[in-house]
Amino acid sequence: MTGRGELTDAAWERIEPLLPGSDRCGRPWRDHRQVVNGVLWRLRTGAPWRDLPERYGPWQTVYERFARWDADGTWAKLLEHVQVRDDAAGTVEWTVSVDSTINRAHQHAAGARKKGKADGDKLEDPERSAARQALGRSRGGLTTKVHLAVDGRGLPLSLVLTPGNTNDSTVCEAVLDAVRVPRTGRGRPRTRPDRVLADKAYSSRAIRAWCRRRSIAVTIPERSDQVVNRLRRGSRGGRPPAFDAEAYKHRNVVERCFSRLKQFRAIATRFDKLADRYQAGLRLASLILWLREPASAGAQRPGARTVSTPDGIPS
């Protein structure tokens, strides 16, 4: 029987062919499904790896498999696979919403091993080491900021980690650059959304110009101080940027995606010392969101669009 939060039979059938197979050297691998369910249990509960229930096997095996598949890109490949499948079916809505959320880092997340400088004389600056592990110190302590781009259904297309004290607007281009959905046949991967929705934190000339050069429509409200400065300059201030209030109503899908991701307690609170491990957990949680989306829901011919209800949920 499938336990709560574990992979369903349908989800397992979709990802099983993509998992690494045995190379017939050494001892046979423990059942992949058992291991993945163990990783999901830890991701859902936020418990230490050592407290993994016995039904998932030795905790060292589960953690090592999780770390190995992070290093060789297996988790990223699985997430890309479900994105490619939905894009080929025409169910990916390319009105992309961008936003970020700050997640508190547990005290166990601090203290990752620091490497020495090139000359080997002294240890690396602790602040620099923390920044490399996407940990930033603010009034609330150590935090990590997750920057996310989601499609019109609220499913993750790309994610970027930064320290919690990083400004959102400085990472917007990196988040959009990370959107990459390969084609099933010939052609370059899809990297350019039809429209970008974002809140006032992303209202800057640089972001608007970057999207304009790539022929991406932008729906970002103007900040009040920017309005005042533009009016103060008169005719030199230029025209106000175009803003589609009706399209902006659907920006909240990214907020809902954050809420769904934070149902995994190891995502809502960061326990991992290494940024790569925490990002791997985010990829796996994003994969689960994609797998939970019904494959037949809104399935259309390639290039067709989904029809959205007033609250932004595809019908």
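Residues numbered from 1 in each chain as written. Predicted model: local features only at pLDDT ≥ 70, side-chain atom pairs only at ≥ 80, totals over all residues. Heavy atoms only, no water.

Draft legend 1. Main features of the pairing of strand β1 (residues 95-105). Judged by how many residues are buried, β1 sits mostly within the fold: 8 of 11 residues are covered. Judged from the 3 bridges that link them, β1 and strand β5 (residues 195-197) form a sheet pairing that is parallel. Bridging across to β5, T95 finds its partner in R195. Two elements, β1 and strand β3 (residues 141-150), share 8 bridges in a ladder whose sense is antiparallel. Within the sheet, the bridge partner assigned to S97 lies in β3 and is V150. The pairing of β1 with strand β7 (residues 269-270) spans 2 bridges and is parallel. The residue bridging A105 from the neighbouring strand is R270, located in β7. (Buried < 20%, exposed > 50% of the residue type's maximum accessible area, 1.4 Å probe, protein only. Helix = DSSP H or I, 4+ residues; strand = E, 2+ residues; numbered from the N terminus. Pairing = 2+ DSSP bridges.)

Draft legend 2. The side chain of D199, seen in detail. Structurally, the position occupied by D199 is in the loop between β5 and α7 (205-213). Among buried Asp, Glu, Lys and Arg side chains, D199 stands out as unpaired, with R251 the closest opposite charge at 4.1 Å. Those residues within four positions of D199 in sequence are excluded, and the remaining contacts are D99, I220, P221, Y248 and R251. (Lys, Arg positive; Asp, Glu negative; His and termini not counted. Salt bridge = Lys/Arg side-chain N within 4 Å of Asp/Glu carboxyl O. Contact = heavy atoms within 4.5 Å.)

Draft legend 3. Region of the structure containing the packing of aromatic side chains. Tallied over the full model, the rule gives 5 aromatic pairs. Aromatic pair F66 and W75: ring centres 6.1 Å apart, planes at 45°, arrangement tilted. What makes F66 buried here is its relative accessible area of 3%. Overall, the relative accessible area of 3% leaves W75 in the buried class. Following the ring pairs from residue to residue traces out a cluster consisting of W49, Y63, F66, W69 and W75. Positioned above the aromatic ring of W94, the side-chain terminus of R190 is 4.3 Å from the ring centre. (Phe/Tyr/Trp six-rings, centres within 6.5 Å; stacked < 30°, edge-to-face > 60°. Lys NZ or Arg CZ within 6 Å of the ring centre and 35° of its normal.)

Draft legend 4. The pairing of β3, seen in detail. Burial runs high along β3: 10 of the 10 residues are buried. Of the pairings in the sheet, the one linking strand β2 (residues 136-138) to β3 comprises 3 bridges and is antiparallel in character. Bridge pairing links R137 to L142 in β3. Relative to strand β4 (residues 156-163), β3 is paired through 7 bridges, and the arrangement is antiparallel. Note that in β4 the partner of V146 across the bridge is L161. Hairpin geometry of β3 and β4 is characterised by an intervening segment of 5 residues between the two adjacent antiparallel strands and by a positive phi of about 85° at G154.

Draft legend 5. Representation of helix α3 (residues 59-71). Between its first and last C-alpha atoms α3 spans 18 Å; for 13 residues at 1.5 Å apiece the expected length is 18 Å, and the two agree. The complete set of buried residues in α3 reads V62, R65, F66, A67, W69 and D70. On its buried side, α3 packs onto α2 (32-45), α4 (74-88) and α12 (275-292). Once α3 finishes, G73 follows within two positions and takes phi at roughly 85°, a positive value. (Expected span 1.5 Å × (residues − 1).)

Draft legend 6. Broad picture of unusual backbone geometry. We note that A134 has phi near 60°; this positive angle belongs to a residue other than glycine. Along the chain, A134 turns up in the loop between α5 (126-132) and β2. With relative accessibility at 4%, the residue A134 sits in the buried group. Even without being a glycine, S215 presents a positive backbone phi close to 60°.

Draft legend 7. Seen up close, a positive patch on the surface. A cluster of like positive charges, contributed by R205, R232, R233 and R236, occupies part of the molecular surface. Within the secondary structure, R233 sits in the loop between α8 (224-232) and α9 (245-248). (Patch = residues over 30% accessible without salt bridge, like charges linked within 9 Å, V, L, I, M, F, W, Y side chains within 5 Å. Areas by Shrake-Rupley, 256 points an atom, 1.4 Å probe, with all protein chains shown as cover. Charge placed at Lys NZ, Arg CZ, Asp CG, Glu CD.)

Draft legend 8. Layout of the packing of α3 against α12. Close contact between α3 and α12 brings their axes to 10 Å; oriented N to C, the two are set at 90°. The angle between the axes of α3 and α12 places the two elements in the roughly perpendicular class. Where α3 abuts α12, its residues Y63, F66, A67 and D70 lie against D276, R277, A280, G281 and R283. When the residues that make up the contact of α3 with α12 are grouped by side-chain class, the tally is 4 nonpolar, 1 polar and 4 charged. (Axes fitted to C-alpha atoms, helices over the stretch in contact; angles between N-to-C directions. Parallel < 35°, antiparallel > 145°, perpendicular 65-115°, else oblique. Nonpolar A, V, L, I, M, F, W, Y, C, P; charged D, E, K, R; others polar.)

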